[in-house]
Amino acid sequence: MSQPLNRRSFLKITGLAAAAASGGVWSLGANSAQANDVGVVPDRVVPTFCELCFWKCGVLAYVKDEKVYKLEGNPKHPLSNGKLCPRGTGGVGALYDPDRLKHPLIRTTVNGKDEWRQASWDEALTYTAKRLNEVKAKYGAESIALFSHGHGGAFFKTLMKAMGSSTIVAPSNDQCRGPRETGFELTYGEVVGSVENIDTPHAKCIAFIGSHVGENMHNTAVQDVSEANARGCTFITVDPRFSIIAGKSKYWLPIKPGTDTALLLAWANVLIDEKLYQREFVEQNVVGFDQFAAHVKDKTPEWAAIETGLDPNVIRETARELAKNAPSAFVHPGRHVVWYGNDTQRSRAIAIVNGLLGNWAKKGGFYQPQTLNVPGYPGAKAPHADSYKPRLTFPVATMPCAYDVAQASVKDGADDARIHAWMVYGCNVPLTLPNTEKTIEAMHALDFVVVVDTMPAEVTGYADVVLPENTYLERYDDLESTPFRVPYVALRQPAVASLYDTKPGWWIAKSLAEKLGLAEYFPWKDAEDYLAARLAKANLSFDQLKRDGAIVGPAAPIYTPGPLTLKTPSTKVEFFSQKLADANLPPMPEYEPPEEPPTGYFRLLFGRSPVHTFSRTTNNPRLTEIVPENELWMNTEMARVLGLKHGVKVMLENQDSVKTGPIVLKVTQRIRQDCVYMVHGFGREDARLRRGYRRGASDARLITRIKRDPVMGGTGMNVNFVTISRWKER
Amino acid sequence: MNIPWNDIIDRDGLSRVPDLLRVRPSDPPHQARGKRLLQVLVATLLAGLVAGGIALVQGHHVMGTTSEISWGILIATYVFLAVSSTGLCLVSSIGHVFGFKLFEPLAKRAVFLAIVSLLMGFAVMATELESPLKMARWILVSPNPRAPIWWMGMFYGIYVVLIVVELFFLFKDDHRRASMAGLGSVFAAVEAYSNLGAVFGSSHARPFWYGPLLPIYFIASALLSGAAILMLVVTLSDFFTNDRQLKAEHAPLVEGLRKLIALFLMIMVLISVWRLVLGISGEFTGKYEVTMAALTGPLFVSFWGFEVLLGIVVPLVLLLGPWRTSWRASSLAAFLLMISFFVMRVNFVYQGQMFSLKPVIGQMGERYSYQPPFKGNPEGFLAYTPSIVEVLIVAGAISAAILFFTVGLRALRLGPKEVSS
Amino acid sequence: MARYGMTVDQKLCVTCNACVLACKNENAVPEGEARCWTVQVEKGEFPLLSLETRSERCNHCENAPCVSACPTAASHYDIGGIVVVDPNKCIGCKVCTLACPYEVRYLHPDGYIDKCTFCVHRVKEGKDPACVTVCPTKALTFGDLDDPRSEIFRQLQSRPARVLKPEEGTRPRFFILP
Ligand SMILES: Nc1nc2c(c(=O)[nH]1)N[C@H]1C(S)=C(S)[C@@H](COP(=O)(O)OP(=O)(O)OC[C@H]3O[C@@H](n4cnc5c(=O)[nH]c(N)nc54)[C@H](O)[C@@H]3O)O[C@H]1N2
Ligand SMILES: Nc1nc2c(c(=O)[nH]1)N[C@H]1C(S)=C(S)[C@@H](COP(=O)(O)OP(=O)(O)OC[C@H]3O[C@@H](n4cnc5c(=O)[nH]c(N)nc54)[C@H](O)[C@@H]3O)O[C@H]1N2
Ligand code: SF4
Ligand code: SF4
Ligand code: SF4
Ligand code: SF4
Ligand code: SF4
Ligand SMILES: [Mo]
């Protein structure tokens, strides 16, 4: 039965849903009346929250004639404070993207060729349930994996666990902040979290290790940094590239890529050697200080200077600058930290330098986040995974890795594949996991793939069933109460009705559960019933939430004076980690020099454009209008040597002969000579993404090599080298 | 008033107009040639009408112009035609207003052609405006006397009325009144025309246009094109009628025009060199780059080839060289001058805008980058290519001017009797 | 009478383009056009670099060449000296576009010239312009230049500000804070 389907060809989707809603995306109000600057009087203003990235800012959707014509930040939402980042502002483009998924689709074989068939929801869900049950019967529930990123994933996690699988992974772990969370958990017993628990607005000095705030556009984070800046906070930016935040920094340290741990150890060396660390904090709260002091004894700025290419005096000066402002000073923990494979150790080094600055639970350092707890739906059966524990290969991991799920989906030598079906919610895995080709191979090998998405993203091309979700402006979702400076709960509610035959995630998960005989895990009638009951239990008003979009709870203290009691085994800040030692890993962060690029090669670095979120927005009509494609940054001197001019198109080829491009060259002084840089998320490959298709280049394709983090399995991706040549149009 | 229509309109001539387009086997070759040319002109005019219609209905997105290059070949054509009109008016007035006998026989034709080309200029301008219908209303209801273009509109309005009156009195052979109207139209023309110059020249934002030399330059080039057109009018009608006697009679006229053209051309060269020197010296941002674009950059061919070689060197050689007595040489010179004038107008309009006001590389070597990206190329020049619609409108308008003039020669009693009969 | 102006604080602006998008939403700016945009100015040589970051828009000049040049007075001064175009009176001659030294105007597909209006319709309701409201870094400030209680007044008193192309004599009311 699964025979003709387990090798699937890449299907391009919207050919079926051809009659695309045309008409410009700016069409609403594009009449003289509005342009005459009388403004539009909205029929209603609906508070909800954003899904253009994973930060979840509160937005106000202005609706006129059942069309959302603008989004503003919700002043009552603590994450937005009435402001939005560019992506959130362009969110209407996600709703009115004419290329959206519009109907459920099922893969069929016609005359030996794969094709899409438009299906009813009932048919698509019945079929999905049948296939999932088949896989479960044959290989066990754990062989079904869920990839999930984004707020709506919660319902699918419940469904997954109800089915008996704990194979739940996210690219936001081992391709993103996993090492940071593990590093901080090892040191402080707590993760940094998203929203990061850094007290930026009150800081007097911040060191950014690569974090390119301002390009990395998490709304509240940017507001906070700006506030600190306005108040005269000193910024130190460590980045091989002169980022936007580097431009606002007192110190820019153009570090040789991959050598940050050397710098951090040298900072620790200066702090300890010059007795600049927070003595009282360290005495009260730290274990392993003496071992650590001995460990960094020889890690002088002069030593680090050789590794990092930085001026030892600047290393010293910046350490003193941090110390001078401690404890209202911190080294930013970063976010996307899977760089060179030794990332948990680098995150540990960051955590430890912060320990020396004594800033945990201190004003201007790391605050203690608050959460507004809303109980679950009364009487819902708690989902459980079977007795199975995820087969984690990494010593200190708490979550399986997305990368390992992809690997385990392919037969490897004598080992049979352990994963046989995927459910993918809001992850565009071919562009998100390193090594696109490998991911595609895995998807070919699977028995069954079901994708829940809003766009004909690359991942949908390899699915057996595509379930189109409503965009965030057309749906209810689970409540949102991220740990933050103030406790709050926020609501996502539809601003307009579904434009097409698409459904909200809660409905898809619940309906699928019913088909799978798991209805007792979703005992509520619909989202409103579910939300109302939860809120009632928490004594919160659903009506108020619908009206205001967010409710802020009573504030509790976020700083802790005096000695701390942490969740680490020792209840203290662990400069020396016994847990790591027990796992035969270095108990204190070690510096490992990065591999040098072969001659003629540049190290490939990548990051964010303020206007885009990965591949999530690179077809968004409003956002692509502003930034239609990415550029390749190259140092002016290197461009001169290679005879390449600003604005020409170039091709990239990596060490494994994988090519991407063409991409426009940006010749600039703002980057070191040994690396090139581009924004992630471009170089789309499905022709039905009419705006994104082949615009710019894909960094993901070039990441054919990774360096695994031995602690938690993060996939270090900054370890690829490329050559650049002029693109010749033929 | 009792209008002497019979003096003005030659009903026979009018009835013979359709004949102009019908080539008969009996036609002598020169006449057949002329007729075929007219057929082409009619076809072009029709195409231009269609294009004009499209432009009026669809607005600017059928044009090659952009938000950065606001004015394109249509404005250049308007300027070209307005310059021609002014030039014709000025040169003809040398005859009847200032009593310079030699050019007197040309007066009616010159004034008539001045009217035709100005009206064609207006027609082209109308297609270029986004809302020409609103113009008439708001320019009167909501005038802005601080705007040079408002005055330009006013004076061209007065001017067109005055030259129609002038023509009328010329037909009535009332030379006194004709001269008075003529004098008035000369003033109106100069006023309108220097305001056109001021539309460009007062634009401080556009360094290439800005400057006190511009109105002088405009007047000089008007005189030159007026003379060149009259030269063509005389020699071409001779060419198509192939009348030897007429040709002999015209010889002093051609000779006079030749000298006039040569003189104006030399004045123009002086002013142009002066402008060039001012453009390069001082390295004034905007002016310098654009001047260099002409001297060594993307406009190299149209500048050196059209403006200098075909517009100055060859005509001067033709007019002053050993061939100077040949009317073929003189008319060729006039023809080349008109071609080069047209190119010059297009260049002039484009050059004023080609250098983006948003810098790409600054004076201290800084690099500016804009988002959303503006359409400048790495050298900082903005591109403009006329669209088909624009080109057809231009071709149609110029064809129409020639055509209406030719028909006018037949239908009105213009010029020497021999021509109209 | 108020005298409205705006500042952009280059220290705070990160050239994120949120203002551009908010403006496009608010004013239904057609595709391919913008009433405001961002600029980065890169200076120096590696590693001694500096970067200017700001968004730009119409300067609402006190002595506006676009207003002087407009034959039908379609370009005119509205409340508080805000320079706007009346689409009904605009004949699309584009003289104003050429007269403006800052290249801030574009031709709207509906046949008139359009540009930043300081969101005059919002100002009349007592709100900030859309770009100011959205800006996550608070880099933009709008207000009455003559009102000593206004934030913008305070800013211009306490910090050196500059305007673009002062030599044009247009007296811009859009100020750049270093
Ligand atoms: N607009 C926008 N904002 C976003 C996102 C988005 O997609 N769009 N995504 C969000 C998410 S999920 C994440 S995880 C974050 C990621 O945001 P960050 O954590 O800030 O970014 P990274 O991608 O890790 O880092 C990119 C920067 O690191 C520098 N860099 C590269 N190699 C090195 C090195 O060896 N050492 C040092 N010191 N610096 C180096 C690069 O030059 C670049 O400036 O952004 C978040 N914010
Ligand atoms: N090469 C490379 N790889 C990277 C990174 C990098 O910088 N370079 N960054 C890494 C980081 S930091 C992260 S966090 C991950 C992010 O990885 P992903 O979470 O996979 O990010 P996206 O590419 O944005 O994919 C999101 C998918 O969700 C869909 N989507 C959008 N809105 C909705 C919705 O409302 N409902 C549903 N069901 N789907 C929706 C989009 O159409 C898209 O297909 O990528 C990691 N991978
Ligand atoms: S940071 Fe921007 S994209 Fe992300 S949730 Fe907030 S507004 Fe939306
Ligand atoms: S929104 Fe603010 S920070 Fe972003 S580009 Fe505009 S002015 Fe600058
Ligand atoms: S910036 Fe330009 S459009 Fe704005 S007021 Fe000044 S001259 Fe007019
Ligand atoms: S285009 Fe409109 S606003 Fe501009 S000058 Fe002409 S009429 Fe005035
Ligand atoms: S003030 Fe209004 S019109 Fe002007 S740029 Fe800002 S949002 Fe756009
Ligand atoms: Mo991430």
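If you're wondering where the values come from, they're calculated on a predicted model, not measured in any experiment.

Rules and cut-offs
Residues numbered from 1 in each chain as written. Chains lettered and ligands numbered in written order. Predicted model: local features only at pLDDT ≥ 70, side-chain atom pairs only at ≥ 80, totals over all residues. Heavy atoms only, no water. Helix = DSSP H or I, 4+ residues; strand = E, 2+ residues; numbered from the N terminus. Rg over C-alpha atoms; globule rule 2.2 N^0.38 Å. Buried < 20%, exposed > 50% of the residue type's maximum accessible area, 1.4 Å probe, protein only. Lys, Arg positive; Asp, Glu negative; His and termini not counted. Charge placed at Lys NZ, Arg CZ, Asp CG, Glu CD. pLDDT = per-residue confidence, 0-100. Near = heavy atom within 4 Å. Nonpolar A, V, L, I, M, F, W, Y, C, P; charged D, E, K, R; others polar. Polar contact = N/O pair within 3.5 Å; in protein donor to acceptor, adjacent residues only side chain to side chain. Areas by Shrake-Rupley, 256 points an atom, 1.4 Å probe, with all protein chains shown as cover. Contact = heavy atoms within 4.5 Å. Buried area = accessible area lost by both parts, 1.4 Å probe. Salt bridge = Lys/Arg side-chain N within 4 Å of Asp/Glu carboxyl O. Axes fitted to C-alpha atoms, helices over the stretch in contact; angles between N-to-C directions. Parallel < 35°, antiparallel > 145°, perpendicular 65-115°, else oblique. Left-handed = near helix turned anticlockwise from the far one by under 90°. Pairing = 2+ DSSP bridges. Core = buried A, V, L, I, M, F, W, Y, C linked by side-chain atoms within 4.5 Å. Phe/Tyr/Trp six-rings, centres within 6.5 Å; stacked < 30°, edge-to-face > 60°. Lys NZ or Arg CZ within 6 Å of the ring centre and 35° of its normal. Expected span 1.5 Å × (residues − 1). Patch = residues over 30% accessible without salt bridge, like charges linked within 9 Å, V, L, I, M, F, W, Y side chains within 5 Å.

Here the focus is the overall build of chain C. Scanning chain C for helices and strands turns up six helices and nine strands. Against the globule reference of 16 Å for 178 residues, chain C gives a C-alpha radius of gyration of 16 Å, in line with a compact fold. Principal-axis analysis of the C-alpha atoms places the extent of chain C at approximately 50 × 40 × 35 Å. Within chain C, the proportion of its 178 residues that are buried is 71%. Distance between charge centroids for chain C: 3 Å, based on 22 positive and 22 negative side chains.

This part covers the confidence of the model for chain B. Looking at chain B as a whole, its pLDDT mean stands at 85, while 93% of the residues score no less than 70. The element-level mean pLDDT for chain B is lowest in helix H15 (residues 417-420) of chain B, coming to 42, with helix H13 (residues 327-354) of chain B highest at 92.

The next subject is the site of ligand 6. Residues in contact with ligand 6 amount to 13 residues; listed here are only the nearest, Cys70, Cys90, Cys93, Lys94 and Cys96 of chain C. Considered class by class, the residues forming the shell around ligand 6 number nine nonpolar, three polar and one charged.

Time to look at the site of ligand 1. Residues and elements named next belong to chain A. Around ligand 1 there are 33 residues in total, and Asp239, Asp260, His336, Tyr340 and His612 lie nearest to it. His336 is positioned such that a nitrogen or oxygen atom in its backbone is 2.4 Å from an oxygen atom of ligand 1. Here ligand 1, which alone exposes 920 Å², has 99% of that area covered by the protein. Take the shell around ligand 1: its biggest share by element is three residues, from strand S19 (residues 602-607).

With that settled, the discussion passes to the interface of chain A and chain C. Every contact between the two is made by 51 residues of chain A and, on the other side, 49 residues of chain C. Together chain A and chain C conceal approximately 3900 Å² of surface at their shared face, both sides included; 55% is due to carbon and sulfur atoms. Remark: the boundary between chain A and chain C carries four salt bridges. Across the pair Glu625 of chain A and Lys24 of chain C runs a salt bridge, and its minimum N-O distance is 2.2 Å. Across the chain A-chain C interface, the total number found is 21 residue pairs in polar contact (both at pLDDT 80 or more). Looking at the side of chain A that touches chain C, the elements with two or more residues in it are helix H1 (32-38), strand S3 (67-73), helix H2 (86-89), helix H7 (219-230), helix H21 (621-626) and strand S22 (659-668) of chain A.

Here we take up the packing of helix H5 (residues 107-128) of chain B against helix H14 (residues 388-411) of chain B. All names here are of chain B. Where H5 contacts H14, the two axes come as close as 9 Å, and the packing angle between them is 155°. Relative to H14, the element H5 lies roughly antiparallel. The handedness of the crossing between H5 and H14 is right-handed. The segment H5 lies against H14, with Arg109, Phe112, Leu113, Val116, Met120, Val124 and Thr127 engaging Ile393, Ala397, Ala400, Ala401, Phe404, Phe405, Gly408 and Leu409.

Let us look at the pairing of S22 of chain A. Residue and element names in this part refer to chain A. Most of S22 sits inside the fold, with seven of its 10 residues counted as buried. In terms of strand pairing, strand S20 (residues 631-635) meets S22 through five bridges, oriented parallel. Note on S22: the bridge partner recorded for Leu632 is Leu665. As defined by bridge partners, strand S21 (residues 649-654) adjoins S22 across four bridges and the pair is classed as antiparallel. Looking across to S22, one finds that Glu653 is bridged to Lys659. Counting the residues in the hairpin turn of S21 and S22 gives four residues, including Ser657, whose phi is positive at 65°.

Turning to the interface of chain B and chain A, a few remarks are in order. Taken together, the contact between chain B and chain A spans six residues of the former and six residues of the latter. Summing the contributions of chain B and of chain A, the shared interface buries around 430 Å²; its carbon and sulfur component is 54%. Run the count over chain B and chain A and you get zero salt bridges. In this assembly, chain B and chain A are joined by one residue pair in polar contact (both at pLDDT 80 or more).

Quick look at unusual backbone geometry now. Residues Gln371 of chain B and Pro372 of chain B are joined by a peptide bond in cis, for which omega reads -5°. In this structure, Pro372 of chain B sits in the loop between strand S1 (367-371) and H14. The backbone phi angle of Asn539 of chain A is positive, close to 60°, even though this residue is not glycine. By the element assignment, Asn539 of chain A lies in the loop between helix H18 (527-537) and helix H19 (542-548).

All names here are of chain C. Structurally, Arg171 is set in the loop between helix H6 (151-158) and strand S9 (174-177). For Arg171 and Lys43, which are 128 residues apart along the polypeptide, the C-alpha to C-alpha distance reads 26 Å. In this view, Arg171 contacts Cys61, Glu62 and Asn63; residues no more than four positions away in its chain are not counted.

Glancing now at the sheet that holds S1 of chain B. Read across the sheet, three strands follow the order S1(B)-S2(C)-S3(C) without closing on themselves; strand pairing throughout is antiparallel. Among the strands making up the open sheet, the edge pair consists of S1 of chain B together with strand S3 (48-56) of chain C. Between one strand axis and the next, the sheet turns by 15° as a mean value, whatever way the strands run. For S1 of chain B and strand S2 (residues 37-45) of chain C, the ladder comprises five bridges, and the chain directions are antiparallel. What sits directly across from Tyr368 of chain B, in S2 of chain C, is Val41 of chain C.

Residue and element names in this part refer to chain A. A full pass over the atoms with the stated rule returns 69 salt bridges over all chains. Its salt-bridge partner being Lys76, residue Asp548 comes within 3.4 Å of it at the nearest N-O pair. Remark: Lys76 occurs in the loop between S3 and H2 and Asp548 occurs in helix H19; sequence separation between them is 472 residues. Residue class for Asp548 comes out buried when judged on its relative accessible area of 12%.

Ranked by size, the top nonpolar core spans 173 residues in total, and within it Val68, Trp267, Phe292 and Leu356 of chain A carry the most contacts. Core analysis: the second largest hydrophobic core is formed by 136 residues, Leu38, Leu196, Ala333 and Leu382 of chain B among them.

All right, on to the packing of aromatic side chains then. This structure, assessed with the given rule, holds 51 aromatic pairs over all chains. Each ring, one from Trp252 of chain A and one from Phe46 of chain C, has its centre 5.6 Å from the other, and the planes form 90°; the classification is edge-to-face. Linking Trp252 of chain A in strand S10 (residues 251-253) with Phe46 of chain C in the loop between S2 and S3, this pair reaches from one chain into another. Feature note: the residues Trp71, Tyr193, Phe200, Phe208, Trp209, Tyr217, Phe218 and Phe348 of chain B constitute an aromatic cluster, connected by ring pairs. Against the face of Trp116 of chain A rests Arg107 of chain A, its NZ or CZ located 5.4 Å from the ring centre.

Turning to H5 of chain B, a few remarks are in order. Think of an α-helix as turning once every 3.6 residues; residues three or four places apart then point the same way. Across its 22 residues, H5 of chain B extends 31 Å between first and last C-alpha, which sits within 8% of the 32 Å expected from 1.5 Å per residue. Burial within H5 of chain B is extensive, with 17 of its 22 residues counted as buried.

Residues and elements named next belong to chain B. A grouping of Phe300, Val301, Trp304, Phe306, Leu332, Phe335 and Ile339 is seen on the molecular surface, where their side chains present a nonpolar patch of about 630 Å² in accessible area. For the nonpolar patch, the secondary structure elements donating two or more residues are helix H12 (300-320) and H13. The element best represented in the nonpolar patch is H12, accounting for four residues.

With that out of the way, let us pick up the side chain of Arg131 of chain A. Residue and element names in this part refer to chain A. Along the chain, the position of Arg131 falls in helix H4 (residues 121-139). Overall, Arg131 belongs to the buried group, its relative accessible area being 2%. Within the structure, Arg131 has its side chain in polar contact with the backbone oxygen of Asp447 (distance 2.8 Å).

Moving on: the sheet that holds strand S5 (residues 113-118) of chain A. Residues and elements named next belong to chain A. With respect to topology, seven strands assemble into an open sheet ordered S5-S4-S15-S14-S13-S6-S7, the strand pairing being mixed. Both outer strands of the open sheet, S5 and strand S7 (168-169), are each paired with one neighbouring strand and no more. By the bridge criterion, two bridges tie strand S6 (residues 144-148) to S7 in an arrangement that is parallel. Bridging across to S7, Leu146 finds its partner in Ile168.

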